[in-house]
Amino acid sequence: NAHVILEEAPTDETPEPAAAEAPTEAAGETVEATADANADGPVPLVLSAKTPEALRAQAQRLAAFLTATCDSAPGITDIGHTLAAARAELEHRAVVVASDTPGFVDALEGLAADGAGPVAGAAVTCRDGVVAHGVADLGSNPVFVFPGQGSQWEGMATELYGSSAVFRDRVDACADALAPYVDWSLTDVLQGEPGAPSLERLDVVQPVLWAVMVALAALWESHGVKPAAVIGHSQGEIAAATVAGALSLEDAAKVVALRAQALTVLTKKGGMVAVTLPHQEVRERLLTRQTGPEHDRAVVAAINGPSSTVVSGGTEALDTLIATCEQEGIQARRVSVDYASHSPHVEALHDQILGLLADIQPRSCQVAFHSTLTGRRLDDTAVLDAEYWYRNLRHTVQFGQVVDALIEQGHEVFVECSPHPVLAAGIQDALTEAGRDGIATGSLRRGRGGRQQWLGALGAVFVRGVAVDWSELFPAGRLVDLPSYAFQRERYWLEAPPDAGDVSALGLGEGGHPFFGAATGLAGGGLLVSGRLDVRAQPWMAGHAVRARVLVPGAALVEMASEAGVRVGAGRVAELVLEAPLELPAAGGVRLQVTVGVPDQDGSCEVGIYSQPEETEATEGWALHARGRLDAEPSTAAAATSTEWPPAGAEVVGLDGFYATLS
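Let us look at the structure shown here. (Residues numbered from 1 in each chain as written. Predicted model: local features only at pLDDT ≥ 70, side-chain atom pairs only at ≥ 80, totals over all residues. Heavy atoms only, no water.)

On the surface, Asp-404, Glu-408, Asp-429 and Glu-433 cluster together into a negatively charged patch. Elements that contribute at least two residues to the negative patch include exactly helix 14 (399-408) and helix 15 (424-433). Note on placement: Glu-433 falls in helix 15. With a relative accessible area of 62%, Glu-433 lands in the exposed category. (Patch = residues over 30% accessible without salt bridge, like charges linked within 9 Å, V, L, I, M, F, W, Y side chains within 5 Å. Areas by Shrake-Rupley, 256 points an atom, 1.4 Å probe, with all protein chains shown as cover. Salt bridge = Lys/Arg side-chain N within 4 Å of Asp/Glu carboxyl O. Lys, Arg positive; Asp, Glu negative; His and termini not counted. Charge placed at Lys NZ, Arg CZ, Asp CG, Glu CD. Helix = DSSP H or I, 4+ residues; strand = E, 2+ residues; numbered from the N terminus. Buried < 20%, exposed > 50% of the residue type's maximum accessible area, 1.4 Å probe, protein only.)

Dropping the structure here:
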């Protein structure tokens, strides 16, 4: 096969960026850049290749390039733009996130050494950077997940608010929507301004979490990661409805703010406990082991997974449950809330919630909204009225059931839009239990709420096949010259025999046979044919080996003798005695000569087959491998007995032990 790659010469000094295409030997990035190698904040470098070996080689090439060029390297932003915009997105992928050259070199060398860590698709933190790697084997139909209370932490949005215009704009829009219903500032709370209320307040933490989750969803969408479906846990359903478009930002702000304020009357009267048991077993325990006022008894509040159940109720009932579980070795822990949502306690708020939210106007939307209240997809989200948001607060959260249904429908990418992942681990367990190699990832993590963590999460879904638009990160990026694709070359074709050239120029005749390179008649009579034998030139010979030594088969020696005899009219091998094996070396070859004597009166002649290692001098001794006689025509005696087998008078000889004796 012959391949020729032609590339058009640039017509001016600043050619337009070429569209991304499959890697070729001729890299098309030719624009020089000498910007500072340090970036203004973390930047992602996107790598991809056809094989894991090529991906590691790509990382090594780029690390070596950054190390060698040092101060003269192109700007990191330009490098990131070139990798994202002008390179093909192949199957094996990695995303490296760092802020400066040493951080990138450290992360790239880690990727080159061992594939970036033990968990494909996860974002792994190294010294100064983050690496995500994996195989793009999943589709782009992600589910956005919004948890309830519990993912909050002080300073959870400060860094992104300062570094991302998309995030900041959405938070500001949420602040405007909340303003008519709260007496505090959302941005003051997020940035920890003096005098701002604490996240410990129920009427503060729920609206703040809603705003942060909605802003994180907008950030994902700004990079092309749009939800095919949404799912919310408890109050997270308000954010899910907002992102899906079922509630306007103003209506959603009203629901989350006024409902949270109404809930404050229930504080200090109950709580919630997470139990590592199936919900059926928990229900049976609660039904058979509880006493006391029915209103304060514990009930199943949320079903998060096969062995993850949340119980809600009065303080005494929960204390008894925890004590019983500890006695029986069952893990049970308190959830950090001091009210009993999803329990009979909420019934006291029914009329108040309906009155507060009577004028909201839910609407139909295109994004699939999977309700954890009903346990299924809502055909029309216009039903998300005041009554729905009361029932969402009162009844059991069917989160595990909805996750299982989404997985069964083929969803294998779940993105938790929250300041800290509280549901992703359980979803990952559900994917594993269903036999799906999917991914459940968070957005930020407690104590790590900046751009680097966010880009690591974005990279984690990209390396598994989710389409990501990186262009927003490089608005002024230029195409620059980078190391070309690390092709992994492997030969699959047979080696061609070396070209012998025009032997007539040497006074010889053409060999006319694969074994023979040349032939010449001798002055005193007879014939000499010569050639070269090599395992690479005749690879089929490697199949005839004795104790790992390649021997030319006896049949090949017969072929050589017969072919040489044909040239003098004596092509029948009457007799051939094998004197010594003709061994071929593992590397290099041997010189070959076949001599044919002067034919006698009846056309018979002698034949001999010789070889010599090609590393020796041509004048040194030759080894005799076979000698015999050639006849011009088949003999009468041979013809007379050729149809009778065994021949008359033949004696049968047993072969027992024959090969053992030869060995």
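On we go from here.
As a further point, take the packing of aromatic side chains. Summed over the entire model, instances satisfying the criterion amount to five aromatic pairs. Here the aromatic rings of Phe-462 and Trp-470 are separated by 5.4 Å at their centres, their planes lie at 80°, and the arrangement is edge-to-face. In terms of burial, Phe-462 and Trp-470 fall into one category: buried. Residues Tyr-485 and Phe-487 carry aromatic rings whose centres are separated by 4.8 Å and whose planes lie at 70° to one another, so their mutual orientation is edge-to-face. Phe-487 gets classed as partly exposed once you look at its relative accessible area, which sits at 27%. (Phe/Tyr/Trp six-rings, centres within 6.5 Å; stacked < 30°, edge-to-face > 60°.)

Turning to unusual backbone geometry, a few remarks are in order. A positive phi angle is found at His-342, which is not glycine, with a value near 60°. Within the element layout of this structure, His-342 appears in the loop between strand 10 (332-335) and helix 12 (350-356). With a phi angle near 50°, Arg-547 is a residue other than glycine that sits in the positive phi range. Relative to the helices and strands, Arg-547 is located in the loop between strand 18 (545-546) and strand 19 (549-551).

Time to look at the sheet that holds strand 7 (residues 270-275). Read from one edge of the open sheet, four strands run 8-9-7-10, paired in antiparallel fashion. Lying at the two open borders of the sheet, with one neighbouring strand each, are strand 8 (299-305) and strand 10. The sheet shows a mean angle of 25° between the axes of neighbouring strands, taken without regard to direction. Relative to strand 9 (residues 308-314), strand 8 runs antiparallel, the two sharing five bridges. Looking across to strand 9, one finds that Val-299 is bridged to Ser-312. Across the sheet, helix 10 (residues 279-289) lies against strand 7, strand 8 and strand 9, angled at about 165° from strand 8, the strand it touches most. Sheet contacts for helix 11 (residues 315-327): strand 7, strand 9 and strand 10; angle to strand 9, the most-contacted strand, approximately 140°. (Pairing = 2+ DSSP bridges. Axes fitted to C-alpha atoms, helices over the stretch in contact; angles between N-to-C directions. Contact = heavy atoms within 4.5 Å.)

Helix length check: helix 16 (residues 451-462) (12 residues) gives 16 Å between terminal C-alpha atoms against 16 Å at 1.5 Å per residue, within 8%. Most of helix 16 is tucked away, with 10 of its 12 residues classed as buried. (Expected span 1.5 Å × (residues − 1).)

This brings us to the sheet that holds strand 15 (residues 509-513). On the basis of which strands lie adjacent, the open sheet formed by seven strands has the order 15-16-17-22-23-24-20 and antiparallel pairing. Two strands lie at the open edges of the sheet, namely strand 15 and strand 20 (572-578), each paired on one side alone. Averaged over all neighbouring strand pairs, the angle between strand axes comes to 25°, with direction disregarded. Where strand 16 (residues 516-521) meets strand 17 (residues 527-534), four bridges bridge the pair, whose relative direction is antiparallel. Paired with Ala-518 across the strands is Ser-530, a residue of strand 17. Sheet strands in contact with helix 17 (residues 554-566) are strand 15, strand 16, strand 17, strand 20, strand 22 (589-596), strand 23 (605-613) and strand 24 (623-631), and its direction is about 140° off that of strand 20.

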